[in-house]
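# Working through the structure, step by step
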Amino acid sequence: SSRLMYVSFKSNSNNPLYRLILSDADGANALEILRSSEPILSPSWSPNGKDIAYVSFETQRPAIYKQRISSGKRKKITNFKGLNSSPAWSPNGKKIAMVLSKDGNPEIYVLTLRNGNLKRITNNTAIDTEPSWLPDGKSLIFTSDRGGRPQIYQVDLNEIQPKRLTFAGNYNSKGSVTSDGKGMVMIHGDDYGYHIAWQDLKTGELIILTNTTLDESPSLAPNNSMILYATKVKGKGVLAGVSLDGGVKFLLPSPSSDVREPAWSP
């Protein structure tokens, strides 16, 4: 009963076309819900599955939009100078974490949707990006190069003192915590490329789940059994899946366009 959302890209005679697509979990019944000649990035589902958030460059600079799926009604919720990116809904749907560079370099902020209150979470000269919520809604994980290379950190919203979670390999990013809070999926980079990986948050044990080398944008199924992600096959962007134990791997039917940035619904 779950659905997928992803970005489709096609370039025809120097006329790029970006489309935000909604489909069944197996890729069938694809429905276009937004199209633009400018990039669409970072689609994110609300916890109730009724709304989405994403980044659009339709005004020639990045802005974050919120859209009701059933009606198509949309609202621009940020339009600050500089970067507006990586929206992530809180578990209760009342807040959205995001990346803004309005005060200088990219930092993590949390926006309260009801009153527009904006709270800055990180404060570092490094690039902080890709926020994702822990199930309790009290903490975030994010990617930062504050240690010299991109790694994943956790920050409590009240303490504002991040701790580093990843140490294996020279690159870890785009973390997402399972609903039981015990594990985290991510992009893990090593000498052989970029792979989907899983890490036990208690022991730190890391398991690489894919043998493809250009993987990105992992998204967990609602029951934590599968991970959907984007990768390259023969130079083309496609969507693929892998089970949490790495035992099952599959490719989704590929349209004529490149596809990227999948997001699995609640």
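Look up: the structure comes first, before these words.
A brief look at the structure comes next.

Cut-offs used in this document
Residues numbered from 1 in each chain as written. Predicted model: local features only at pLDDT ≥ 70, side-chain atom pairs only at ≥ 80, totals over all residues. Heavy atoms only, no water. Core = buried A, V, L, I, M, F, W, Y, C linked by side-chain atoms within 4.5 Å. Buried < 20%, exposed > 50% of the residue type's maximum accessible area, 1.4 Å probe, protein only. Helix = DSSP H or I, 4+ residues; strand = E, 2+ residues; numbered from the N terminus. Contact = heavy atoms within 4.5 Å. Polar contact = N/O pair within 3.5 Å; in protein donor to acceptor, adjacent residues only side chain to side chain. Phe/Tyr/Trp six-rings, centres within 6.5 Å; stacked < 30°, edge-to-face > 60°. Lys NZ or Arg CZ within 6 Å of the ring centre and 35° of its normal. Pairing = 2+ DSSP bridges.

### Considerations on the nonpolar core
Core analysis: the largest hydrophobic core is formed by 16 residues, its most contacted members being Met5, Leu20, Ile33, Ile40, Trp45, Ile52 and Tyr54. Elements with a contribution of two residues or more to this core: β1 (3-12), β2 (15-24), β3 (31-36), β4 (40-45), β5 (51-56) and β6 (63-68). Every residue in contact with tryptophan 45, bar those within four places of it in the chain, is listed here: Arg3, Leu4, Met5, Leu22, Asp51, Ile52, Ile69, Trp89, Ala263, Trp264, Ser265 and Pro266.

### Description of the side chain of threonine 78
Within the secondary structure layout, threonine 78 lies in strand β7 (residues 74-78). Accessibility expressed as a relative area gives 2% for threonine 78, which makes it buried. Engagement of the side chain of threonine 78 in a polar contact is seen with the side chain of asparagine 84, the distance being 3.1 Å. When near neighbours in sequence (up to four residues on either side) are disregarded, threonine 78 contacts Ala63, Ile64, Asn84 and Met98.

### Some words on the packing of aromatic side chains
Tallied over the full model, the rule gives four aromatic pairs. Between phenylalanine 9 and tyrosine 18 the ring centres are 4.7 Å apart and the planes differ by 40°, which places this aromatic pair in the tilted class. With respect to burial, phenylalanine 9 and tyrosine 18 carry one shared label: buried. Ring geometry for tyrosine 54 versus tyrosine 65: centroids 6.0 Å apart, planes at 15°, classification stacked. On the criterion of sequence distance, the pair formed by tyrosine 54 in strand β5 and tyrosine 65 in strand β6 is long-range, its members being 11 residues apart. By the burial criterion, tyrosine 54 is buried, and tyrosine 65 matches it. Of note, arginine 74 hangs over the ring of tyrosine 65, and the distance from its end group to the ring centre comes to 4.3 Å. Cation over ring: lysine 102 sits above phenylalanine 80, and NZ or CZ is 5.4 Å from the ring centre.

### A few points about the pairing of β6
Bridge count for β5 against β6 is six bridges, and the pairing is antiparallel. By the bridge assignment for β6, alanine 53 is matched with lysine 66. Once β5 ends, the chain turns through six residues before running back antiparallel as β6, passing glutamine 60 with a positive phi of about 75°. Direction of pairing for β6 relative to β7: antiparallel, over a ladder of four bridges. Within the sheet, the bridge partner assigned to glutamine 67 lies in β7 and is arginine 74. The loop that links β6 with its antiparallel partner β7 comprises five residues; one of these, glycine 72, has a positive phi angle of about 80°.

Read these as spatial facts, not as claims about activity.
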